[in-house]
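Reading the structure
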Amino acid sequence: MKTVIFAGGIGTRLWPLSRQNTPKQFEPIINNKSTLQLAVDRLRPEVDWQDIYISTGQRYVDIIKKQLPLIPVDNYIIEPEARDIAAAVGLAMSFLVKQGFGQQSTAILWSDHLLKQVDNFKQALKFAGEYVKQHPKQIVFMSQTPKS
């Protein structure tokens, strides 16, 4: 399974901690790790480094290189300009198809989510991947109830 973590937002809702140059997904939140780093940690070791892609804007590439040095730079999906999530997902899927991964299942994840039940997440992701292998024309949507 390929995974794409979206990390291109500007993080206006967590101001003043989050600024345009360092949005919330890059700020150390828990145990001196950013939510982006925590999102990658949730995938490891079940997902190989080369199967993790980061969708972001050019301005954040250096931050990502510093925070996630084991993600291959070729796995950065650079958005030419900020648009909405639909455009970002379309670009990411197009990128994977051009890389020859068009028929492989893909998990779309966000860099600024916090999950307490990581084992449940991993089990659900594994189940979703197996389901899509058996039903390749299906989409599995997983979510959690947001807390205020």
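Scroll up a little and you will see the structure.
Note that the structure is predicted; figures quoted are calculated from it, not measured.

Regarding its fold elements, the protein presents four helices and six strands. Helices and strands in the protein line up, N terminus first, as β-β-β-α-β-α-β-α-β-α. Each of the 148 residues in the protein was classed as buried or not, and the buried ones make up 36%. A sequence separation of at least 24 residues applies to 58% of the contacts in the protein between residues at least 6 apart. Counting every atom, the protein has about 9700 Å² of accessible surface; 53% of that belongs to carbon and sulfur.

Let us look at the environment of glutamine 99. Relative to the assigned elements, glutamine 99 resides in the loop between helix H3 (85–98) and strand E6 (106–110). A residue is classified by how much of its surface remains accessible, and glutamine 99, at 44% relative accessible area, is partly exposed.

This part takes up the packing of helix H1 (residues 35–43) against helix H4 (residues 118–134). Where H1 contacts H4, the axes come no closer than 9 Å and their chain directions differ by 60°. Taken together, the axes of H1 and H4 are oblique relative to one another. Handedness of the H1/H4 crossing: right-handed. In this structure, H1 contributes Asp41, Arg42 and Leu43 to the contact, and H4 contributes Val118, Phe121, Lys122 and Leu125.

Looking now at the environment of glycine 57. Along the chain, the position of glycine 57 falls in strand E4 (residues 52–57). For the pair formed by glycine 57 and glutamate 81, sequence separation is 24 residues and the distance between their alpha carbons is 6.9 Å.

This part covers the nonpolar core. For soluble globular proteins, the rule of thumb is that nonpolar side chains tend to be buried together. Ranked by size, the top nonpolar core spans 21 residues in total, and within it Ile5, Leu36, Leu43, Ile52, Ile54 and Ile64 carry the most contacts. Counting residues per element, this core draws most heavily on H1, at four residues. Formed by eight residues, the second largest nonpolar core is a distinct cluster that contains Phe6, Ala88, Phe95 and Leu96.

A large share of H1 lies buried, amounting to eight of its nine residues. Those residues of H1 not exposed but buried are Thr35, Leu36, Gln37, Leu38, Ala39, Val40, Arg42 and Leu43.

Next up on the list: the sheet that holds strand E5 (residues 76–79). Strand order in this open sheet of four strands is E5-E4-E1-E6, and the pairing throughout is parallel. The open sheet is flanked by E5 and E6, the only strands paired with a single partner. Strand-to-strand twist across the sheet, computed as the mean angle between neighbouring axes with direction ignored, equals 20°. With four bridges connecting them, strand E1 (residues 2–6) and E4 associate as parallel partners. Note that in E4 the partner of phenylalanine 6 across the bridge is serine 55. Packing against the sheet, H1 makes contact with E1, E4 and E6, and its axis sits at approximately 165° to E1.

Rules used throughout
Residue positions are given per chain, counting from 1 as you read along its sequence in written order. Residues qualify for local features only when their pLDDT is at least 70, as the model is predicted, and side-chain atom pairs are given and counted only at 80 or more; totals for whole chains, interfaces and linings, by contrast, use all residues. Only hydrogens and water are set aside; all other atoms, that is, all heavy atoms of the structure, feed into the side-chain values. A helix here means a DSSP run of H or I that spans at least four residues, while a strand means a run of E at least two residues long, and both kinds are numbered starting from the N terminus. Relative accessibility under 20% of the residue-type maximum defines a buried residue, over 50% an exposed one, and the middle range a partly exposed one, all with a 1.4 Å probe and only protein chains included. Throughout, a contact is declared for two residues whenever any of their heavy atoms are within 4.5 Å. Each accessible area is a Shrake-Rupley result for a 1.4 Å probe, and residues are judged covered by the shown protein chains and nothing else. Angles here are taken between N-to-C directions and fall from 0 to 180 degrees, while the axes themselves are lines fitted to C-alpha atoms, restricted in helices to the stretch in contact. Should an angle lie under 35 degrees it is considered roughly parallel, over 145 roughly antiparallel, and from 65 to 115 roughly perpendicular; all remaining angles are considered oblique. Crossings are sorted by hand: turned counterclockwise from the far helix by less than a right angle, the near helix makes the crossing left-handed, and turned clockwise it makes it right-handed. To form a nonpolar core, buried Ala, Val, Leu, Ile, Met, Phe, Trp, Tyr and Cys residues must be joined to one another through side-chain atoms within 4.5 Å. What makes two strands pair is DSSP finding at least two bridges between them.

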